[in-house]
Amino acid sequence: TASVDTNTTQLATTAFVQAELLNFVNTKYKSMEATTGAADGTNRTFTASAALHGETVYLNGLAQIKTTYSVSGASIIFTTAPASGVRPYISYFGF
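Keep in mind that what you see is a predicted model, and the values were worked out from it rather than measured.

Participant: Hey, could you go over the pattern of salt bridges for me, with residue numbers and the actual values?
Facilitator: Opposite charge on two side chains lets them pair, provided their charged atoms get close. Enumeration according to the criterion identifies one salt bridge in this entry. We note a salt bridge from Lys66 to Glu55, for which the minimum N-O separation is 2.8 Å. Note that Lys66 is positioned in the loop between strand S4 (62-63) and strand S5 (69-72) and Glu55 in strand S3 (residues 52-59), a separation of eleven residues in sequence.

Participant: Residues and numbers for the sheet that holds S5, please.
Facilitator: Across the sheet, three strands lie side by side as S2-S6-S5; this open sheet has antiparallel pairing. A strand with exactly one partner marks an edge of an open sheet, and here the two such strands are strand S2 (45-47) and S5. Averaged over all pairs of adjacent strands, the angle between their axes in this sheet comes to 25°, without regard to strand direction. Two elements, S5 and strand S6 (residues 75-78), share four bridges in a ladder whose sense is antiparallel. Counterpart to Tyr69 in the pairing with S6 is Phe78.

Conventions used here
- Residues numbered from 1 in each chain as written.
- Predicted model: local features only at pLDDT ≥ 70, side-chain atom pairs only at ≥ 80, totals over all residues.
- Heavy atoms only, no water.
- Salt bridge = Lys/Arg side-chain N within 4 Å of Asp/Glu carboxyl O.
- Helix = DSSP H or I, 4+ residues; strand = E, 2+ residues; numbered from the N terminus.
- Pairing = 2+ DSSP bridges.
- Axes fitted to C-alpha atoms, helices over the stretch in contact; angles between N-to-C directions.

Written as structure tokens, this is what we have:
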């Protein structure tokens, strides 16, 4: 019966797509990763472990407005340096 075969194929395809999406998110999404760079109150550039896409940047646990920083590859460049001892954390898709 054609409709049963079609439904089975659709379910298998849906399950495959969901599994691939979950795998993509699990391998590409980085959550609350510490950046590298001197947290000395004068440094404005910090680096992630991969190029940033869809990032959210946090200082002291607070998400930052996109106008307070820019992104170039894996680097975050703040318009004003974070205070001494404050290390940015980021959540992002890394490719």
